[in-house]
Amino acid sequence: MSAASVQPAAEVQRAFAPMRESDLDEVARLESTLYDFPWTRVNFADSLIAGYCCRVLYQDGALVAYAVMMCVLDEAHLLNLSVAGTMQRRGLGRLMLDHLAREAALYGAERMFLEVRPSNVAARAMYDAAAFQPIGRRPRYYPALDGREDAIVMSAELGERWRSGSNEAWRR
């Protein structure tokens, strides 16, 4: 085999974008494959109407992750962050989390909050690695197949590493 016949690996093309109404069918479809009690298309549409920070991540033209975050004054609340099942455990959740933390910091948020199921070990590990700390528990917060499941409330400081640059990304 000659050196000329060796093909370089294709570079992965990723792009963050504001979630648009045209994304809602695919976002709702993915959501329904991931959760027993998924958000509905209407939940995502209402988030867009409310002006929440709704983002999608495309990889090689396919929608692979999405998130909804609400920012009020100096706080950000991550409401939903999900990665398509076939794309999980590839660092895309952390990539999306970092993107949202930067947007929240540029908006002026000093802290980000979220809730996570105790049973969601992978998400908890990701949040731990991103310096989120448990600060409380919401009893019976989530619906579950066998009744209700608590939520662990976590928070993280959005330090200076997130504050460099402009806040143009938030305004899109």
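Everything that follows concerns the structure shown earlier in this document.
Residues numbered from 1 in each chain as written. Predicted model: local features only at pLDDT ≥ 70, side-chain atom pairs only at ≥ 80, totals over all residues. Heavy atoms only, no water.

> I'm lost on the packing of helix 3 (residues 92-107) against helix 4 (residues 121-129) in this one. Help?
Angle between the axes and distance between the axes are the two parameters that describe a pair of packed helices. For the pair helix 3 and helix 4, the least separation of the axes is 10 Å and the interaxial angle reads 45°. In terms of axis orientation, helix 3 runs oblique to helix 4. Considering how the two elements wind past one another, helix 3 and helix 4 form a crossing that is right-handed. Contacts between helix 3 and helix 4 involve Gly93, Arg94 and Leu97 from the former and Met126, Tyr127 and Ala129 from the latter. In terms of residue class, the contact of helix 3 with helix 4 is made up of 4 nonpolar, 1 polar and 1 charged. (Axes fitted to C-alpha atoms, helices over the stretch in contact; angles between N-to-C directions. Helix = DSSP H or I, 4+ residues; strand = E, 2+ residues; numbered from the N terminus. Parallel < 35°, antiparallel > 145°, perpendicular 65-115°, else oblique. Left-handed = near helix turned anticlockwise from the far one by under 90°. Contact = heavy atoms within 4.5 Å. Nonpolar A, V, L, I, M, F, W, Y, C, P; charged D, E, K, R; others polar.)

> I'm lost on the side chain of Glu103 in this one. Help?
Its location among the elements puts Glu103 in helix 3. The exposure class assigned to Glu103 is buried, which follows from its relative accessible area of 2%. Polar contacts involving the side chain of Glu103 include one to the side chain of His99, which spans 2.7 Å. (Buried < 20%, exposed > 50% of the residue type's maximum accessible area, 1.4 Å probe, protein only. Polar contact = N/O pair within 3.5 Å; in protein donor to acceptor, adjacent residues only side chain to side chain.)

> What exactly am I supposed to notice about the pattern of salt bridges here?
A complete count under the given rule lists 8 salt bridges for this structure. The partner of Glu26 in a salt bridge is Arg29, and the shortest N-O contact between them spans 2.9 Å. Remark: Arg29 and Glu26 occur in helix 1 (residues 24-34); sequence separation between them is 3 residues, near one turn of the helix. Given a relative accessible area of 30%, Glu26 falls into the partly exposed group. Across the pair Arg94 and Asp98 runs a salt bridge, and its minimum N-O distance is 2.9 Å. Taken together, the positions of Arg94 and Asp98, both in helix 3 and 4 residues apart, correspond to about one turn of that helix. A residue is classified by how much of its surface remains accessible, and Arg94, at 26% relative accessible area, is partly exposed. Of the residues examined, Asp98 reaches a relative accessible area of 24% and is grouped as partly exposed. (Salt bridge = Lys/Arg side-chain N within 4 Å of Asp/Glu carboxyl O.)

> So what exactly am I meant to see when it comes to the environment of Ile49 here?
Here Ile49 is to be found in helix 2 (residues 41-49). Measuring from C-alpha to C-alpha, the distance between Ile49 and Glu21 comes to 9.8 Å, with 28 residues separating the pair along the chain.

> How do you make sense of the environment of Gly61 when you look at a structure like this?
Along the chain, Gly61 turns up in the loop between strand 2 (53-59) and strand 3 (62-72). Given a relative accessible area of 65%, Gly61 falls into the exposed group. Between the C-alpha atom of Gly61 and that of Gln13, which follows or precedes it by 48 residues, the distance is 7.8 Å.

> How do you make sense of the packing of aromatic side chains when you look at a structure like this?
One pair of aromatic rings is described through two measures. These are the centre distance and the angle between the planes. Counting across every chain of the model gives 4 aromatic pairs. For the ring pair Tyr141 and Tyr142, a centre distance of 4.9 Å and an interplane angle of 90° mean the geometry is edge-to-face. By relative accessible area, Tyr141 is classed as partly exposed at 36%. For Tyr142, a relative accessible area of 17% translates into the label buried. Chaining the aromatic ring pairs together yields one cluster made of Trp39, Phe44 and Tyr66. (Phe/Tyr/Trp six-rings, centres within 6.5 Å; stacked < 30°, edge-to-face > 60°.)

> Before we go on, may I ask you to explain the nonpolar core in this structure?
What tends to happen in soluble globular proteins is that the nonpolar side chains get buried as a cluster. Judged by nonpolar contacts, the single largest core of 44 residues is most densely connected at Met112 and Tyr127. Tallying contributions element by element places strand 3 first for this core, with 8 residues. Apart from the residues within four sequence positions on either side, Met112 is in contact with Met69, Ala76, Leu78, Leu97, Leu100, Ala101, Ala104, Phe132, Met154, Ser155, Ala156 and Leu158. (Core = buried A, V, L, I, M, F, W, Y, C linked by side-chain atoms within 4.5 Å.)

> Help me out: how do you make sense of the environment of Leu79 in this one?
You can see Leu79 is positioned in strand 4 (residues 75-83). Note on Leu79: relative accessible area 30%, which makes it partly exposed. Along the sequence, Leu79 and Cys53 sit 26 residues apart, while their C-alpha atoms lie 10.0 Å from each other. Residue contacts for Leu79: discarding those within four places in its chain leaves Trp39, Tyr52, Val68, Met69 and Met70.

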